[in-house]
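One-letter residues, chain by chain:
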Amino acid sequence: MAATKDNPPAILISSTDTGLPEQLPVGLAKYTGFREMARGGNALLRSCFDTVANRTVAVKTLLPEFRGRDRDRRRFLREARVTAQLQHPNTVPVYEIGHDPAEGLYFTMKRISGENFFEVLKRIARGDQRTVAEYPVSRRVDIVADACQALAYAHARGVIHRDVKPENIWVGNFGEVVLLDWGAAKVWGQPDDYADAPAQGGRQGHGGEELDRTNEADGPGEPEQSLTLADQRPGTPLYMSPEQVSRSTPVDERTDVFSTGVVLYEMLTLSEPFRGRAISATFDNILNRTPPAPSLRAAGRAGAASEAIPAALDAVVMRALAKDPAERHQGMPALIAELRAAID
């Protein structure tokens, strides 16, 4: 019988009883069957098989052109250590941090079957009825609230994510929710390699994917590139907080509250609240424009966006999107509590 979500493959007991090799492989030599999963601005994520632990894992390495750069190695090692130290049910466990003679720094993590939240939203936007039924508004709120639990845990330990977006929220095949990609994180008391990074960049958002292709405020926008590339400010323009854009004040946990508000708005309306024709227009919208409430933006849209949005949920999202950090939820616990209450 084929392995499925409801009928997973059995663990072969014989494979767990095999003795360890007399001489353990060094670095990535103990991993086989590499398959690319994702490629970012300076790093590569692959799945592979750990021949010592007899399990499939995910391994992240720097791309060849960045392995010799001190700043990129430092950022990469910080990401690995931050991810390893955030031991929470909604973060991914790190198994190993090491150095390979050929590929340099690497770290391995639990390989989670599933997909990122943006893929779910894309199918809803296309009117896929199975996805619409599986992910009503209440389920989507639960997913974001679970990601907020990881943020609350991180904030309590002095870590700000700074790149909260649907692509970084992983929805597992068995209902688990994991917040990924701490590469842009700010750790209190540690130097920020991005502090003096230039403000320019290329495309933003989802690598060219849009949920709202007929943005009534700005018209169809040109796709823009993520600003998480090397030597650029951290974050993704569509989800940046006003303080990330203006750099007028240091960011704290309330910048993650704002980015979460953008995610909530997008998942309810299937459109981004601040998208402009270019990055400069997007930044101007973030600083100066207040979008309509999600229920108003979603009114008349087909598919899941036509599902009734409670007024209480409107209020939670718009509070999270306040321009002034002092007017937002002052921490993730407050946002989570209001989200749960709005759905209940």
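Coordinates for the structure precede this section.
Now for a look at the structure at hand. (Residues numbered from 1 in each chain as written. Predicted model: local features only at pLDDT ≥ 70, side-chain atom pairs only at ≥ 80, totals over all residues. Heavy atoms only, no water.)

What follows is about the nonpolar core. Counting 58 residues, the largest nonpolar core has Phe117, Val159, Ile169, Trp182, Met267, Leu313 and Leu339 as the members making the most contacts within it. Elements with a minimum of two residues in this core: helix 3 (117-125), helix 5 (137-156), strand 8 (169-172), strand 9 (177-179), helix 7 (253-269), helix 8 (279-288), helix 10 (311-320) and helix 11 (332-343). Looking at this core, the element that brings in the most residues is helix 5, giving 12 residues. Not counting the four nearest positions on each side in its chain, Val159 is found in contact with Val82, Leu86, Ala154, Trp182, Ala185, Lys186, Val187 and Trp188. (Core = buried A, V, L, I, M, F, W, Y, C linked by side-chain atoms within 4.5 Å. Buried < 20%, exposed > 50% of the residue type's maximum accessible area, 1.4 Å probe, protein only. Helix = DSSP H or I, 4+ residues; strand = E, 2+ residues; numbered from the N terminus. Contact = heavy atoms within 4.5 Å.)

With respect to the helices and strands, the residue Ser246 is situated in helix 6 (residues 242-246). We classify Ser246 as partly exposed; its relative accessible area is 36%.

What follows is about helix 7. Along its 17 residues, helix 7 runs 25 Å from first to last C-alpha, staying within 8% of the 24 Å computed at 1.5 Å per residue. Just downstream of helix 7, Leu270 is the residue with a positive phi angle, here 60°. (Expected span 1.5 Å × (residues − 1).)

This part covers the side chain of Glu103. Tracing the chain through its elements places Glu103 in the loop between strand 4 (94-100) and strand 5 (104-110). Within the local environment of Glu103, its side chain forms a polar contact with the side chain of Arg46, the two groups lying 2.7 Å apart. Residue contacts for Glu103: discarding those within four places in its chain leaves Leu28, Arg46, Thr61 and Arg67. (Polar contact = N/O pair within 3.5 Å; in protein donor to acceptor, adjacent residues only side chain to side chain.)

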